[in-house]
Amino acid sequence: MQIITAPNQLESFLSEHRSSGRPLGFVPTMGALHEGHISLIDYSLRDNNTTIASIFVNPTQFTDFIDFEKYPRQLAADFDKLRLAGCDAVFVPEVASIYPEPDTTQYQLGPVAERLEGAFRPGHFNGVASVVKRLFALLQPQKAYFGLKDYQQYLVIKTLVNKYRLPVEVVGCPTIRDEQGLAMSSRNQLLSPEERRTALALYRALRIVADAFDSGVTSGLQHMGWDFLNAQQGVQLEYFDIAEQETLLPIGDGQVKQEIKPVALAAARVGNIRLIDNMLLR
Ligand code: AMP
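The present account deals with the structure reproduced in this document. Please read these numbers as outputs of a predicted model, since none were measured by experiment.

## Let's talk about the pairing of strand β5 (residues 143-147)
Right, on to step 1. With respect to burial, β5 is a largely interior element, four of its five residues being buried.
Right, on to step 2. Taken together, β5, helix α9 (residues 151-163) and strand β6 (residues 169-173) form a β-α-β motif whose crossover is right-handed.

## Let's talk about the packing of helix α2 (residues 35-47) against helix α4 (residues 75-85)
Right, on to step 1. The contact between α2 and α4 brings their axes to 10 Å, and the two run at 35°. For the pair α2 and α4, the crossing hand works out as right-handed. Facing α2, whose interface residues are Ile38, Ile41, Asp42 and Leu45, α4 presents Lys81, Leu82 and Ala85.
Right, on to step 2. Of the residues contributing to the contact of α2 with α4, the split by class is five nonpolar, no polar and two charged.

## Focus: the sheet that holds β5
Right, on to step 1. An order of β1-β4-β3-β2-β5-β6 is seen for the six strands of this open sheet, with the pairing classed as parallel. The open sheet has two edge strands, β1 (2-4) and β6, and neither has a second partner. The mean inter-strand angle of the sheet, taken between neighbouring strand axes irrespective of direction, is 25°.
Right, on to step 2. Pairing of strand β2 (residues 24-29) with β5, which is carried by two bridges, proceeds in the parallel orientation. What sits directly across from Phe26, in β5, is Ala144.
Right, on to step 3. Along the sheet, α4 makes contact with β1, β3 (50-55) and β4 (89-91), crossing β3 at roughly 165°.

## Some points on the pattern of salt bridges
Right, on to step 1. According to the stated counting rule, one finds twelve salt bridges in the structure shown.
Right, on to step 2. Of the charged contacts in the structure, one is a salt bridge between Arg83 and Asp80, with a shortest N-O distance of 3.1 Å. Here the residue Arg83 and the residue Asp80 both occupy positions in helix α4, the gap between them amounting to three residues, near one helical turn.
Right, on to step 3. For Asp80, a relative accessible area of 45% translates into the label partly exposed.
Right, on to step 4. Between Asp150 and Lys149 there is a salt bridge; the shortest N-O distance is 4.0 Å.

Definitions and limits used
- Residues numbered from 1 in each chain as written.
- Predicted model: local features only at pLDDT ≥ 70, side-chain atom pairs only at ≥ 80, totals over all residues.
- Heavy atoms only, no water.
- Buried < 20%, exposed > 50% of the residue type's maximum accessible area, 1.4 Å probe, protein only.
- Helix = DSSP H or I, 4+ residues; strand = E, 2+ residues; numbered from the N terminus.
- Right-handed = clockwise from strand over helix to strand, strands pointing away.
- Axes fitted to C-alpha atoms, helices over the stretch in contact; angles between N-to-C directions.
- Left-handed = near helix turned anticlockwise from the far one by under 90°.
- Contact = heavy atoms within 4.5 Å.
- Nonpolar A, V, L, I, M, F, W, Y, C, P; charged D, E, K, R; others polar.
- Pairing = 2+ DSSP bridges.
- Salt bridge = Lys/Arg side-chain N within 4 Å of Asp/Glu carboxyl O.

Here it is, written out as C-alpha cells:
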C-alpha cells in the first residue's frame, strides 16, 4: 500500500493509475479506523480496480475546537488496517495541501444541510462540503463511498455533487454496528465502559421506533423515540426526528403514509461525547 503525503506523490500515483484506464474508488475518512470504515474499503475494492482512502482530520468541519483537539489520531494502526483490507493507497495530506488558502465559499445546499446536524452544528456541513469537493478535485475518483451512519452527510454530499456537477458517483453503504447494536464510530473509543453501555440507548430508541413502524404504527413515532431517550440517565438528547429519506424534511405526526419513506435520526451527548445514529424505516 502506498502512503501518500505530498501532492506530487499523489500526482505520480494518479497518472500511473490513469494509464490503466480503470476506475478509481475513493474512501474519505478522518482516521481512527474501525470496521465501519473498512466495510467502505471492501465495497470499493469490489467495484473498482484501484482503491484509495484518505485520512484527514478536517479542521473546517469542527464546530468545537476541543472536539477537534481530542479527536483520536492513530495513523500507524490505521495504515495496518488499510493494508490488511487490501487498500491500494492512502492519502494523508497536510492542512496546507487541502487549503492552500482558506475556502470562503458558502455552499448553499438547501434543507438537507440546514436541519438537524446543520442546526446543531452551524458551519459543519460547509466544512464537509469544502473538504470533500477539494478531495474529489485532487483525486478525481469515479466512485466515492460514504457510510449511511452519517445519513445527513451522505445526502449533503449527493446534493453537492449534483449542484456542482462533480463527475463522481456517490455510493452509500450500510451502518456497521457492534454485536450489541452500537453504531461504530471513532468517537466511541473516547467513551468509558459505562458510557458505552449508556450510548446503546440510541440504538435501542431507533430499534423501538423501527419495530413499531414495522408492526404498522404510524403516529407517535417521534415521541416514542424522544421519550425513551430522554428518560435515560446519562443521555443528553439533542434531537430525535422522523424525516423523509430523500429530502430530510420533517414528517409530521400522523403523516407517515404508505408512499413516504421515513428515516429516524437521533443525536445525543453521552458524557462529553456527541453521538449520532439513524435507521431507515422502510
Ligand atoms: P469519519 O472518519 O467518521 O469521517 O467517517 C468516514 C466515513 O466512514 C464516512 O463516510 C462515515 O459515514 C463512514 N462510517 C463511519 N462509521 C461508520 C459505520 N459504523 N458504518 C458504516 N460507515 C461508517
